[in-house]
Amino acid sequence: MAGMLYLCATPIGNLEDMTFRAVRILKEVDLIAAEDTRNSVKLLNHFDIHTPMTSYHEYNKYDKGRKLVEKMQEGSNIALITDAGTPGISDPGEELVRMCHEAGIPVTAVPGAAACITGLIISGLPAGRFAFEAFLPADKKEREAVLETLRNEQRTMVIYEAPHRLLKTLKLLAGILGEDRQVSVCRELTKKHETVFRSTLGQAAVYYESTEPKGECVLVIAGLSRQQIEQAEREKWEDMTIEDHVGYYLSMGADRKEAMKKAAKDRGVSKRDIYNYLEQKKQK
């Protein structure tokens with residue numbers, strides 16, 4: 001009978017966030033696959049866990065993943081842990097999960113801390129709908145391309161960032177999403193010096209030019225409201241005259257009535273306003 005893969009969340013800073021279930025599972029499984037065994041041994045020692053460990057990280061995830069799958073096919077139960085937080089979120093754990101599903105090995109989660117959710121719920125920004133981007137690409141062009149796709153995102157956005165890249169990322173975000181966009185910079189989550197710095201992207205960039213951040217950061221950024229998107233759409237037509245605007249839809253095959261209706265909607269005015277304007281132009 002095949003074993004099982006347990007995705008065990010571990011604390012992101014405060015050891016008291018370790019769950020009773022996670023401690024029990026880590027003691028009961030046959031093997032623990034850890035992102036960094038040197039880091040994880042401190043956690044295991046703290047909770048008196050003596051289960052054997054093996055490394056599983058970004059640079060060995062394919063070869064080691066196949067070996068772990070073979071062990072589970074032979075009946076071993078394996079727990080996967082990351083350096084901090086929930087495995088499979090912005091780490092190589094998702095590859096092992098995929099391999100297990102393909103091999104027919106059951107996968108279950110032992111829930112716990114996750115930096116993205118922790119930052120989101122204390123940010124003060126809407127948490128009902130959000131887009132998680134994890135760490136942005138290291139390459140500048142790729143990073144800018146990702147942010148361009150978020151320019152008109154209506155959901156709250158959550159991004160991870162290292163402290164030494166925070167200022168550069170805030171400036172890039174301000175340039176693409178706008179300096180007035182609301183942001184909460186969450187640092188040292190669950191730790192003694194946890195902070196949530198709420199401001200705009202522009203103000204945050206200015207602040208961190210003179211204040212050195214410490215600890216991993218979670219950036220929670222406001223999405224665009226429906227009203228902001230509608231306003232932006234209307235502004236796109238401001239450089240076009242009403243005559244040209246209606247003419248645009250006429251050229252697309254719409255009749256005059258439909259063309260005026262579409263132009264009115266684009267500009268946020270009534271069809272009667274468009275009709276009256278065109279009639280007045282005729283009389284001049």
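Placed above this text is the structure.
What you see is a predicted model, and the numbers here were worked out from it, not measured in a lab.

Chemist: What is the right way to look at the packing of aromatic side chains in this model?
Modeler: Working definition: an aromatic ring pair is given by the centre-to-centre distance plus the angle between the planes. One pass over the structure, following the stated rule, counts 5 aromatic pairs. With 5.4 Å between their ring centres and 65° between their planes, Phe-135 and Tyr-160 make a pair best called edge-to-face. Of this pair, Phe-135 sits in strand E6 (residues 130–135) while Tyr-160 sits in strand E7 (residues 156–161); the two residues are 25 residues apart in sequence, bridging distant segments of the chain. Taking the centre distance of 4.9 Å and the plane angle of 85° together, the rings of Tyr-207 and Tyr-208 count as edge-to-face. According to the relative accessible area criterion, Tyr-207 is partly exposed, its value standing at 34%. Through a chain of ring-to-ring contacts, three or more aromatic side chains come together here, namely Phe-132, Phe-135 and Tyr-160.

Chemist: Is there a simple way to explain the packing of helix H7 (residues 166–177) against helix H8 (residues 201–210) in this structure?
Modeler: Closest axis-to-axis distance for the H7/H8 pair is 9 Å, and the angle between their directions is 155°. When the axes of H7 and H8 are compared, the pair comes out roughly antiparallel. The handedness of the crossing between H7 and H8 is left-handed. Listed contacts from H8 to Leu-166, Leu-167, Leu-170, Lys-171, Leu-173, Ala-174 and Leu-177 of H7 are Leu-201, Gly-202, Ala-204, Ala-205, Tyr-208 and Glu-209. Its residues assigned to classes, the contact of H7 with H8 comprises 10 nonpolar, 1 polar and 2 charged.

Chemist: It is not clear to me how the nonpolar core should be interpreted in this structure. Could you clarify?
Modeler: As a rule of thumb, nonpolar side chains are buried together in soluble globular proteins. Within the largest apolar cluster, 22 residues are counted, with the highest numbers of intra-cluster contacts made by Leu-147, Leu-170, Leu-173, Leu-219 and Ile-221. Elements with a minimum of two residues in this core: E7, H7, strand E8 (182–187), H8 and strand E10 (217–221). The element contributing the most residues to this core is H7, with 7 residues. With sequence-adjacent residues up to four places away left out, Leu-147 is seen in contact with Leu-136, Ile-159, Leu-172, Leu-173, Ile-176 and Leu-177.

Analysis parameters
Residues numbered from 1 in each chain as written. Predicted model: local features only at pLDDT ≥ 70, side-chain atom pairs only at ≥ 80, totals over all residues. Heavy atoms only, no water. Phe/Tyr/Trp six-rings, centres within 6.5 Å; stacked < 30°, edge-to-face > 60°. Helix = DSSP H or I, 4+ residues; strand = E, 2+ residues; numbered from the N terminus. Buried < 20%, exposed > 50% of the residue type's maximum accessible area, 1.4 Å probe, protein only. Axes fitted to C-alpha atoms, helices over the stretch in contact; angles between N-to-C directions. Parallel < 35°, antiparallel > 145°, perpendicular 65-115°, else oblique. Left-handed = near helix turned anticlockwise from the far one by under 90°. Contact = heavy atoms within 4.5 Å. Nonpolar A, V, L, I, M, F, W, Y, C, P; charged D, E, K, R; others polar. Core = buried A, V, L, I, M, F, W, Y, C linked by side-chain atoms within 4.5 Å.

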